[in-house]
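Okay, here's what each chain looks like letter by letter:
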Amino acid sequence: MIANNIRRLRFDRGEMTQAELAVKVGVTRQTINAIEQNKYSPSLETAFKIAEALGVAIGDVFSYQ
Amino acid sequence: MSFREKVAWICFLAMAVVYAGYFWAVLPGLASGQNVHFAGLLISAIVILAVLQIIPIVFVSAVSPKDAGQPEDEREKLIELKGSRSGYVVLTLGALVCCVAGMFFGTEPALLANYVLLAVVMAELSKLLTQIVHYRRGS
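Residues numbered from 1 in each chain as written. Chains lettered and ligands numbered in written order. Predicted model: local features only at pLDDT ≥ 70, side-chain atom pairs only at ≥ 80, totals over all residues. Heavy atoms only, no water.

*Asks:* Explanation requested: the overall build of chain A in the structure shown.
*Replies:* Each helix and strand counted, chain A has 5 helices and 2 strands in total. Traced from its N-terminal end to its C-terminal end, chain A shows the element sequence β-α-α-α-α-α-β. By the compact-globule yardstick of 11 Å for 65 residues, chain A fits well, its C-alpha radius of gyration being 10 Å. Projecting the C-alpha coordinates of chain A onto the three principal axes gives extents of approximately 30 × 20 × 20 Å. For chain A, the proportion of its 65 residues judged to be buried stands at 42%. Restricting to contacts in chain A with at least 6 residues of sequence separation, those with at least 24 account for 58%. (Helix = DSSP H or I, 4+ residues; strand = E, 2+ residues; numbered from the N terminus. Rg over C-alpha atoms; globule rule 2.2 N^0.38 Å. Buried < 20%, exposed > 50% of the residue type's maximum accessible area, 1.4 Å probe, protein only. Contact = heavy atoms within 4.5 Å.)

*Asks:* So what exactly am I meant to see when it comes to helix α2 (residues 38-63) of chain B here?
*Replies:* Since one α-helical turn is 3.6 residues long, residues separated by three or four positions face the same way. All names here are of chain B. Between its first and last C-alpha, α2 extends 38 Å over 26 residues, near the 38 Å set by a 1.5 Å rise per residue. What α2 keeps buried is the set Phe38, Ala45, Leu49, Gln53 and Val60. Tucked inside the fold, the buried residues of α2 contact α1 (3-31) and α5 (109-137). (Expected span 1.5 Å × (residues − 1).)

*Asks:* Would you mind showing me how to read the confidence of the model for chain A here?
*Replies:* Low-confidence regions, as indicated by low pLDDT, have predicted coordinates that should not be scrutinised in detail. The share of residues in chain A with pLDDT of 70 or more is 100%, and the mean pLDDT across the chain is 93. Mean pLDDT in chain A bottoms out at strand β1 (residues 2-4) of chain A, which sits at 90, and peaks at helix α4 (residues 44-54) of chain A, which reaches 95. (pLDDT = per-residue confidence, 0-100.)

*Asks:* Explain helix α4 (residues 74-104) of chain B to me, please; I cannot follow it from the model alone.
*Replies:* In a regular helix each residue adds 1.5 Å, so 31 residues correspond to 45 Å; α4(B) covers 45 Å between its end C-alpha atoms and thus fits that length. Those residues of α4(B) lying buried are Arg75(B), Glu76(B), Ile79(B), Gly83(B), Ser86(B), Gly87(B), Gly94(B), Cys98(B) and Ala101(B). Those residues of α4(B) hidden inside the fold are in contact with α3 (29-36) of chain A together with α1 and α5 of chain B. Near the N-terminus of α4(B), the side chain that reaches the backbone nitrogen of Arg75(B), with its oxygen 3.1 Å away, is that of Asp73(B). (Polar contact = N/O pair within 3.5 Å; in protein donor to acceptor, adjacent residues only side chain to side chain.)

*Asks:* Honestly, the layout of surface pockets in this entry has me stumped. Any pointers?
*Replies:* What the largest pocket holds in volume is close to 300 Å³. Around the largest pocket, the lining is made up of 15 residues, and of these Val23(A), Thr28(A), Arg29(A), Asp67(B) and Gln70(B) lie nearest the centre. Tallied by class, residues from the lining of the largest pocket come to 6 nonpolar, 4 polar and 5 charged. Approximately 200 Å³ is the volume attributed to the second largest pocket. For the lining of the second largest pocket, the leading source of residues is α1(B), giving 5 residues. Here the residues of the lining of the second largest pocket sort into 6 nonpolar, 2 polar and 5 charged. (1 Å grid on protein atoms, 1.4 Å probe; cavity = no way out; pocket = protein on both sides within 12 Å on 5 of 7 lines; lining within 4 Å. Points joined across faces, edges and corners; volume = space filled by probe spheres on them. Nonpolar A, V, L, I, M, F, W, Y, C, P; charged D, E, K, R; others polar.)

*Asks:* In this structure, what is going on with empty space enclosed by the protein? I would like to understand it.
*Replies:* Any empty space left between the atoms is revealed when a probe the size of a water molecule rolls over them. Residue and element names in this part refer to chain A. What the rule picks out here adds up to 1 cavity of 30 Å³ or more. As a volume, the largest cavity reaches approximately 30 Å³. In terms of lining residues, the largest cavity is bounded by Ile2, Asn4, Ile35, Asn38, Tyr40, Ser41, Pro42 and Phe62. Grouping the constituent residues of the lining of the largest cavity by class yields 5 nonpolar, 3 polar and no charged.

Below is the structure:
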């Protein structure tokens, strides 16, 4: 399973909302929510975009468990 | 609820209601051998369906134009593909049933045409329902 720290990282960045992150990544807010809750595993491209939007390396956002 | 999920709900509900009414009016008569003029009913059903789908979708788009203008993202594309796969299975099964009905039971052409239409409608409903389920689950 692919786990993630998106929620914590959003909180660390001034409580960025899911909608704000979604705009930066270019997906819907519902997709960010699904990724956060581990209901959907994003493509590599979207995973990189999320990491870039949060200003961290991809390994700091996602981990394989 | 995302814009595309709302559209899927609108299309599903409108299609279910309109075609339930159409088949309720046409199939019993055709099945009992009556001469039912279904072409007019079918055209009416298509027009009503278009109105019942277009007006709510325009309204939803007007309420949230930003969401409506956003292109499909990867998860939405995947959900659409899952819906299409489900619809394909239902359509294939429906086509097989129609073939059997035509070849082995000598079903009347008008009745057979409506069975084919029923298979197409069931396939579309299956596609939309699958999409709705995936949107609800978040997967």
